[in-house]
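Here's the letter readout for the chains.
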Amino acid sequence: MDSRTQDQAIVAEPLARGERARFFTAAGFDGLDCLEATFRTHRYALHMHETYVVGGIFAGCETWLARGARRYGGPGDLCMVNPEDVHDGEPHGEGFRYRMTYPSVELMQRLASEIAGRPVTETPFFPEPVVHDPETVALFAEAFATLARGGDALAVEELLLRAYGRVLIRHAVIRPAEEATDRIARVTRMMRDRHAEELSLDDLAAEAGLSRHHLIRAFRRELRMTPHAYLLSLRVQAARRRLRAGEAPAEVAAATGFCDQAHLTHAFKARLGVAPGAYRASLHL
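Cut-offs applied
- Residues numbered from 1 in each chain as written.
- Predicted model: local features only at pLDDT ≥ 70, side-chain atom pairs only at ≥ 80, totals over all residues.
- Heavy atoms only, no water.
- Helix = DSSP H or I, 4+ residues; strand = E, 2+ residues; numbered from the N terminus.
- Rg over C-alpha atoms; globule rule 2.2 N^0.38 Å.
- Areas by Shrake-Rupley, 256 points an atom, 1.4 Å probe, with all protein chains shown as cover.
- Lys, Arg positive; Asp, Glu negative; His and termini not counted.
- Charge placed at Lys NZ, Arg CZ, Asp CG, Glu CD.
- Buried < 20%, exposed > 50% of the residue type's maximum accessible area, 1.4 Å probe, protein only.
- 1 Å grid on protein atoms, 1.4 Å probe; cavity = no way out; pocket = protein on both sides within 12 Å on 5 of 7 lines; lining within 4 Å.
- Points joined across faces, edges and corners; volume = space filled by probe spheres on them.
- Contact = heavy atoms within 4.5 Å.
- Polar contact = N/O pair within 3.5 Å; in protein donor to acceptor, adjacent residues only side chain to side chain.
- Pairing = 2+ DSSP bridges.
- pLDDT = per-residue confidence, 0-100.
- Salt bridge = Lys/Arg side-chain N within 4 Å of Asp/Glu carboxyl O.
- Expected span 1.5 Å × (residues − 1).

**Student:** Explain the overall build of the protein chain residue by residue, including any values.
**Tutor:** Across its full length, the protein chain carries 11 helices and 10 strands. Expected size for 285 residues packed as a compact globule is a radius of gyration near 19 Å; at 19 Å, the protein chain falls within 12% of this value. With the C-alpha coordinates aligned to their principal axes, the bounding extent of the protein chain is approximately 55 × 45 × 35 Å. Accessible surface, the protein chain: about 13100 Å² in total, of which carbon and sulfur atoms supply 49%. Here the protein chain contributes 36 positive and 38 negative side-chain charges, whose respective centroids are spaced 3 Å apart.

**Student:** Can you break down unusual backbone geometry residue by residue, with the values?
**Tutor:** At Arg67, a residue that is not glycine, the phi angle is positive and equals roughly 55°. Along the chain, Arg67 falls in the loop between strand S4 (53-66) and strand S5 (69-73). Here Arg67 falls in the partly exposed class, since its relative accessible area comes to 22%. The phi dihedral of Glu84 is positive, around 70°, even though this residue is not glycine. On the secondary structure map, Glu84 appears in the loop between strand S6 (77-81) and strand S7 (87-102). Overall, Glu84 belongs to the partly exposed group, its relative accessible area being 31%.

**Student:** Help me get a handle on the layout of surface pockets, residues and values and all.
**Tutor:** One simple way to see leftover space: roll a probe sized like a water molecule over the atoms. In this model, the second largest pocket occupies a volume close to 320 Å³. Taken together, 22 residues line the second largest pocket, and the ones lying closest to its centre are Asp33, Glu50, Thr51, Tyr102 and Arg240. Looking at the lining of the second largest pocket, the elements with two or more residues in it are strand S2 (32-39), helix H8 (227-244) and helix H10 (261-272). Ranked by residues supplied to the lining of the second largest pocket, first place goes to H8 with 6 residues.

**Student:** Outline the environment of Asp133, supporting the account with residue identities and numerical values.
**Tutor:** With respect to the helices, strands and loops of the structure, Asp133 is situated in the loop between strand S9 (130-132) and helix H3 (134-148). For the pair formed by Asp133 and Cys79, sequence separation is 54 residues and the distance between their alpha carbons is 9.5 Å. With sequence-adjacent residues up to four places away left out, Asp133 is seen in contact with Gly76, Leu78, Arg166, Arg170 and His171. For Asp133, the side chain forms a polar contact with the side chain of Arg170, separated by 2.8 Å.

**Student:** Lay out the pairing of S7 with the relevant residues and their values.
**Tutor:** Direction of pairing for S2 relative to S7: antiparallel, over a ladder of 7 bridges. Bridged to Phe39 within S7 is Phe96. Across 2 bridges, strand S3 (residues 44-47) lies against S7 in antiparallel orientation. Among the inter-strand pairings, Tyr44 is bridged to a residue of S7, identified as Gly89.

**Student:** Give me the lowdown on the confidence of the model for the protein chain, citing residues and values where you can.
**Tutor:** For the protein chain, the mean per-residue pLDDT works out to 87, and 91% of the residues sit at or above 70. Scored below 50 in pLDDT, residues 1-14 makes 41 contacts in the model with residues more than four places away or belonging to other chains.

**Student:** Mind laying out the side chain of Arg271, listing which residues take part and the relevant values?
**Tutor:** Take Arg271: it is sitting in helix H10. Buried charge without a partner: Arg271 forms no salt bridge, and the closest opposite charge is Asp88, 11 Å away. When residues no more than four places from it in sequence are discounted, the contact partners of Arg271 are Tyr44, Ala45, Leu46, His47, Ala229, Leu232, Ser233 and Val236.

**Student:** Outline empty space enclosed by the protein, listing residues and values.
**Tutor:** Under the criterion given, the structure shown has 2 cavities of 30 Å³ or more. Its boundaries defined by the atoms lining it, the largest cavity holds a volume of some 170 Å³. Looking at the largest cavity, it is lined by 15 residues, and the ones nearest its centre are Val53, Glu62, His87, Asp88 and Tyr98. Of all the elements in the fold, those that place two or more residues in the lining of the largest cavity are S3, S4, S6, S7 and H10.

**Student:** Break down helix H2 (residues 105-116) for me, citing the residues and quoting the values.
**Tutor:** Over its 12 residues, H2 extends 16 Å from the first C-alpha to the last, a length consistent with the 16 Å expected when each residue adds 1.5 Å. Residues of H2 that are buried include every one of Val105, Leu107, Met108, Gln109, Leu111, Ala112 and Ser113, and no others. Backbone geometry just downstream of H2 places Gly117 in the positive-phi region, at approximately 75°.

Put into structure tokens, the structure is as follows:
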């Protein structure tokens, strides 16, 4: 774990007064990203992750749109976002403080297998985006505190395993991931393969065998976001991987399909809460 401070981490585009956000990784969990943040005015744009998002709210109230409904989370509430679930996020009232982790699908499947005592190849699915579960939230708090003070790896591993185990046992359904229709699935595969290219609606509509108008309607119905918003999320995910590898933001912007570094910065911060330079610095100081 990297114990750098918030001042070291936020090196570009500081957040508003009274806000802070710090990314770090937990060793031994496939490079697990962790975020602790306090937001008073910051608003996330609609986006999705290729990982899960699991963590707890410790103060204040966050509100977000998930699966077509407005959600609210307060102290003791556990938040669970499935991979590719479209969501946003913003303070409700005076702001909120939370701690989030981003476990991969592979990690959650492996942990589910250990819990079940048999191989689990299905994707664990969380039907409820938020539940009141202060006991599990407390485990995440203890794990983050141990990470922050540079606690030994075994203690951190034990705490995170206990937290994820409780999350899976209490709140997950083990079943195949829900997929979009075949036409939209073809389009999303194309966008994943060619996210750095300048794709047009004509390109995407041709892949789906739909008119441009029908493509946008079908895409919004299946994924609750437009093709452009989905493409931006794919580019941010690709940028995040490159920044983790140590590449400079300007190089990352050029390699992932953004017009320039400013475009990358705007999209990245809108979806992850920190600027690309801050994210890279928090992992590579």
